[in-house]
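What follows is each chain in one-letter form.
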Amino acid sequence: GTFSPLLFKMLHTISASFFSKARSLAEFEKCPDVVEEYFYMVARSMQCCPAQLVAFNGMRTIVLACLTALEVPHRGVQKGSLTFLHKFSSIAAFSKFDSVTSKHVKDIVKESLLSICLSFLLNVSGRIPPFALLHDDIADVLFTMKTIENLGVSFEEGFESAVQSLPNQASREVVLKV
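My aim in this report is to walk through the structure given alongside it, one point at a time. (Residues numbered from 1 in each chain as written. Predicted model: local features only at pLDDT ≥ 70, side-chain atom pairs only at ≥ 80, totals over all residues. Heavy atoms only, no water.)

1. Describing the overall build of the protein chain
Phase 1: The number of helices and strands found in the protein chain is 10 helices and zero strands.
Phase 2: Traced from its N-terminal end to its C-terminal end, the protein chain shows the element sequence α-α-α-α-α-α-α-α-α-α.
Phase 3: A compact globule built from 178 residues would reach a C-alpha radius of gyration of about 16 Å, and the protein chain, at 16 Å, matches this within 12%.
Phase 4: By principal-axis analysis of the C-alpha atoms, the protein chain measures approximately 50 × 40 × 25 Å.
Phase 5: Evaluated residue by residue, the protein chain yields a buried proportion of 47% over its 178 residues. (Helix = DSSP H or I, 4+ residues; strand = E, 2+ residues; numbered from the N terminus. Rg over C-alpha atoms; globule rule 2.2 N^0.38 Å. Buried < 20%, exposed > 50% of the residue type's maximum accessible area, 1.4 Å probe, protein only.)

2. Remarks on the packing of aromatic side chains
Phase 1: Applying the stated rule across the entire model yields 10 aromatic pairs.
Phase 2: With centroids separated by 5.7 Å and ring planes inclined at 85°, the aromatic side chains of F8 and F56 adopt a geometry described as edge-to-face. Of this pair, F8 sits in helix α1 (residues 4-21) while F56 sits in the loop between α4 (50-55) and α5 (59-69), and the two are 48 residues apart along the sequence.
Phase 3: Of the residues examined, F56 reaches a relative accessible area of 14% and is grouped as buried.
Phase 4: Between F18 and F39, the ring centres sit 6.5 Å apart and the planes meet at 85°, which makes this aromatic pair edge-to-face. Here F18, found in helix α1, pairs with F39, found in helix α3 (residues 32-48); they are 21 residues apart in sequence, far enough to count as distant. Judged on exposure class, the residue F18 and its partner F39 are both buried.
Phase 5: Ring pairing ties together the aromatic residues F18, F19, F28, Y38, F39, F84 and F88, which thus form one cluster. (Phe/Tyr/Trp six-rings, centres within 6.5 Å; stacked < 30°, edge-to-face > 60°.)

3. Overview of α5
Phase 1: Every buried residue of α5 is listed here: M59, I62, V63, A65, C66, L67 and A69.
Phase 2: Those residues of α5 that are buried lie in contact with α1, α2 (25-30), α3, α4, α6 (75-93) and α7 (99-127). (Contact = heavy atoms within 4.5 Å.)

4. Considering the pattern of salt bridges
Phase 1: According to the stated counting rule, one finds four salt bridges in the structure shown.
Phase 2: In this structure, the salt-bridge partner of K103 is D107, at a minimum N-O distance of 3.0 Å. You can see K103 and its partner D107 sitting in helix α7, four residues apart, about one turn around the helix.
Phase 3: The shortest N-O distance in the salt bridge between K146 and E156 comes to 2.5 Å. Of the two residues, K146 is situated in helix α8 (residues 135-146) and E156 in helix α9 (residues 155-165); the sequence distance between them amounts to 10 residues.
Phase 4: Residue K146 is classed as partly exposed on the basis of its relative accessible area of 44%. (Salt bridge = Lys/Arg side-chain N within 4 Å of Asp/Glu carboxyl O.)

5. Things to note about the layout of surface pockets
Phase 1: In this model, the second largest pocket occupies a volume close to 150 Å³.
Phase 2: Lining of the second largest pocket is provided by M46, Q47, H86, K87, S90, I91, F94, K96 and F97.
Phase 3: Within the residue set of the lining of the second largest pocket, elements represented by two or more residues are α3 and α6.
Phase 4: Broken down by element, the lining of the second largest pocket gets its largest block of residues, four residues, from α6.
Phase 5: Taken together, the residues of the lining of the second largest pocket break down into four nonpolar, three polar and two charged. (1 Å grid on protein atoms, 1.4 Å probe; cavity = no way out; pocket = protein on both sides within 12 Å on 5 of 7 lines; lining within 4 Å. Points joined across faces, edges and corners; volume = space filled by probe spheres on them. Nonpolar A, V, L, I, M, F, W, Y, C, P; charged D, E, K, R; others polar.)

6. Concerning α1
Phase 1: A rise of 1.5 Å per residue sets the reference length of α1, with its 18 residues, at 26 Å; its end C-alpha atoms lie 26 Å apart and thus fit the reference within 8%.
Phase 2: Of all the positions in α1, only S4, L7, L11, S15, F18 and F19 are classed as buried. Projected onto a plane normal to the axis of α1, the buried residues spread over an arc of 90° and lie on a single side. The exposed set on the far side of α1, more than 90 degrees from its buried face, consists of P5, L6, K9 and K21.
Phase 3: In this structure, the buried residues of α1 make contact with α2, α3, α4 and α5. (Expected span 1.5 Å × (residues − 1). Arc of directions from axis to C-beta.)

7. Overview of the nonpolar core
Phase 1: Counting residues in hydrophobic clusters, the biggest one holds 56 residues, and the most contacted among them are F39, I62, F84, F88 and F120.
Phase 2: The residues contacting F39, other than those within four sequence positions of it, are I62, A65, C66, A69, G80, S81 and F84. (Core = buried A, V, L, I, M, F, W, Y, C linked by side-chain atoms within 4.5 Å.)

Now the structure itself:
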């Protein structure tokens, strides 16, 4: 709408400020509420101006930061991060978006698929405490990613690669829990 350019400019400014202060897992853990709200804000912004956000040069950085956020043992950070990943992957999974926007998301998902699946598997196998684990939200993101067509790599292959990448102990725990 009319305010999309303003929203995008505001998001760009907030992202620059956020990433100037939160550059590592340790820094994310010091301010979990800020991290949580940042990812909620980006997810919500995707509803207003998805094409501008997806084309934003910093989108890969946001996805990588989200992977770091998934290591924070804080339920709110988990929820905000998973909400963002779900909204982001939905752009490629559902055909209501233009082909350029959808392709850009597919490219980022394809690059990140192994890391995303590995992060989820590590979280489920005990990297984060049970109170912070959001099984249903993880399942929603995985299901949405699985529905993305023409990804260039099958979801199953990406997930299997993630399982193979797990440390032996974590791999055994995931197999036992599934």
